[in-house]
Number of protein chains: 2
Amino acid sequence: MDFESARGLLEELLPFWRELTEEEQEKLAAGVGTKCFEAGQPIHRGREDCTGLFLVYSGQVRVFITSDSGKEITLYRLFERDICLFSASCMLRNITFDINIEAEKPTCALLLPTALYERLSRANPSVADFTSQLMAARFSDVMWTMDQVLFSSFDQRLATFLLEQAGIDGGETVLMTHETMARHLGSAREVVTRMLRYFQQEGMVELFRGGVRLVDLDRLERLSRF
Amino acid sequence: MDFESARGLLEELLPFWRELTEEEQEKLAAGVGTKCFEAGQPIHRGREDCTGLFLVYSGQVRVFITSDSGKEITLYRLFERDICLFSASCMLRNITFDINIEAEKPTCALLLPTALYERLSRANPSVADFTSQLMAARFSDVMWTMDQVLFSSFDQRLATFLLEQAGIDGGETVLMTHETMARHLGSAREVVTRMLRYFQQEGMVELFRGGVRLVDLDRLERLSRF
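What this report covers is the structure whose coordinates are included nearby.

Looking at the pattern of salt bridges
Then, in step 1: This structure, assessed with the given rule, holds 20 salt bridges over all chains.
Then, in step 2: Its salt-bridge partner being Arg194 of chain A, residue Asp141 of chain A comes within 2.7 Å of it at the nearest N-O pair. With Asp141 of chain A in helix α4 (residues 125–151) and Arg194 of chain A in helix α7 (residues 189–201), the pair connects residues that are 53 residues apart, well separated along the chain.
Then, in step 3: Given a relative accessible area of 16%, Asp141 of chain A falls into the buried group.
Then, in step 4: You can call Arg194 of chain A partly exposed: its relative accessible area is 27%.
Then, in step 5: Where Asp141 of chain B meets Arg138 of chain B, a salt bridge forms, and the shortest distance between an N and an O atom there is 3.5 Å. Residue Asp141 of chain B and its partner Arg138 of chain B are both found in helix α4 (residues 125–151); the two are separated by three residues, about one turn of the helix.
Then, in step 6: A network of salt bridges, in which partner residues are shared, links Arg77, Glu104, Glu202 and Arg219 of chain A.

Below is the structure:
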């Protein structure tokens, strides 16, 4: 990625860009680098490394925790234009858990080195605020996952509903808005949207405007029976 | 709590106090109030209210999530000198989960109203940084709980819970029904009762009406560390 495109991406993805002085902007643009990872390559392990913030511009990243016995739980995924905060977790002095970050597909990202980001953050409240907002978003992702894992069978209900509905329509697509699905399931639109996105990430469905295509029927069946 | 003591507490508990201008300090000290809650009284429900940051100076607070079916998971507890961030969760625009905060014992706290805190935070990077660090600490608490819930076996979780609870109460008994323990652990009463009976058979605890006496602390510790 050339300098101008990198600068354009920073400008677009960092809401605090316009709050920076011209000098800060120059320093930031000059300080970022590009880093690419192969599918399966670790980006961050535990609390040991602290490279900086990654601004993903292509590919897909998985963030997960592992148990001592080797079990894994995926906390969330990052896609194009998402920003990876925990690769700079040393910055957040109170983070005491180990998190693993891995490229799930070939991934390229801009790297905003920790020291540079910290300097900006100490000088400019809108940078520090951005860190909080970013962490709040990830916190919410994790809480959603926790809720799913602990409480929910909403994935099961939605899978069942999609299969039924596709059966009714005699095909493998469900032409229905998320709003309508939510009404059928006694839920909220955001809940349906979030779960459908999760199904999509897992390769079970494809979303398109006005509907859903079921692509892995076996897995949806298994989910609905569980 | 009188004005001088309140000011002293702010000075002690807020690491950014010394980074504030004298004027900001005055405004902050003048803007805080005191709020007391009875045991069992809700302090915050879901995302609806957004009172502000509570600086707990006596008592004990429980933070938990609930499922649609009424199951509860305790995320963490706050004690004297802890600061409650999620009672100001509207400030963190990206928080999309519902959290419940409840006084577990009679609790008094200084209340730092949201609007006042936000104004300070926009003006001063060390306030915004404090928000991040506080959120990182709570995030870590939640990750610890998640790790417990997802990866530990139930005997281990129950042993850990009993030890924590006895520690909080400063003794070797836990005065709590099986039903309540089950709620705290996101489990069912029968599961708790069965495991407690097993603990009793093994000589680790003694059961009595309304509570549990811990008799083999060493073994419970070993179990909880396993």
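Moving on from the coordinates now.
Here's the deal with the sheet that holds strand β1 (residues 33–37) of chain A
Residues and elements named next belong to chain A.
Then, in step 1: Spatially, the four strands line up as an open sheet ordered β1-β8-β3-β6, and their pairing is antiparallel. Because the sheet does not close on itself, it has two edges, and the strands there are β1 and β6 (83–84).
Then, in step 2: Pairing geometry for strand β3 (residues 52–58) and β6, over two bridges, is antiparallel. Note on β6: the bridge partner recorded for Phe54 is Cys84.
Then, in step 3: The sheet strands contacting helix α1 (residues 3–13) are β3, β6 and β8 (107–113), and the helix crosses β8 at an angle near 75 degrees.
Then, in step 4: Along the sheet, helix α3 (residues 114–123) makes contact with β3 and β8, crossing β8 at roughly 50 degrees.

Some remarks on the packing of helix α5 (residues 154–169) of chain A against α7 of chain A
All names here are of chain A.
Then, in step 1: Their axes nearest at 11 Å, the elements α5 and α7 cross at an angle of 80 degrees. Between α5 and α7, the interaxial angle falls into the category roughly perpendicular. Contacts between α5 and α7 pair Phe154, Asp155, Leu158, Ala159 and Leu162 from the former with Val191, Val192, Met195, Leu196 and Phe199 from the latter.
Then, in step 2: Considering only residue class, the contact of α5 with α7 consists of nine nonpolar, no polar and one charged.

So, the packing of α4 of chain B against helix α5 (residues 154–169) of chain B
Residue and element names in this part refer to chain B.
Then, in step 1: α5 packs onto α4 with a crossing angle of 135 degrees between their chain directions and a minimal axis gap of 10 Å. Viewed along their axes, α4 and α5 adopt a mutual orientation that is oblique. Contacts from Trp144, Gln148 and Val149 of α4 reach α5 at Arg157, Thr160 and Glu164.
Then, in step 2: Residue classes in the contact of α4 with α5 are distributed as two nonpolar, two polar and two charged.

A look at the environment of Ala103 of chain B
All names here are of chain B.
Then, in step 1: By secondary structure assignment, the location of Ala103 is in strand β6 (residues 99–113).
Then, in step 2: The spacing of Ala103 and His44 is 59 residues in sequence and 9.7 Å in space, taken between C-alpha atoms.
Then, in step 3: Among all residues touching Ala103, those that are not within four sequence positions of it are Phe37, Glu38, Ala39, Gly40, Gln41, Ile43, Gln60 and Val61.

So, how was this worked out
Residues numbered from 1 in each chain as written. Chains lettered and ligands numbered in written order. Predicted model: local features only at pLDDT ≥ 70, side-chain atom pairs only at ≥ 80, totals over all residues. Heavy atoms only, no water. Salt bridge = Lys/Arg side-chain N within 4 Å of Asp/Glu carboxyl O. Helix = DSSP H or I, 4+ residues; strand = E, 2+ residues; numbered from the N terminus. Buried < 20%, exposed > 50% of the residue type's maximum accessible area, 1.4 Å probe, protein only. Pairing = 2+ DSSP bridges. Contact = heavy atoms within 4.5 Å. Axes fitted to C-alpha atoms, helices over the stretch in contact; angles between N-to-C directions. Parallel < 35°, antiparallel > 145°, perpendicular 65-115°, else oblique. Nonpolar A, V, L, I, M, F, W, Y, C, P; charged D, E, K, R; others polar.

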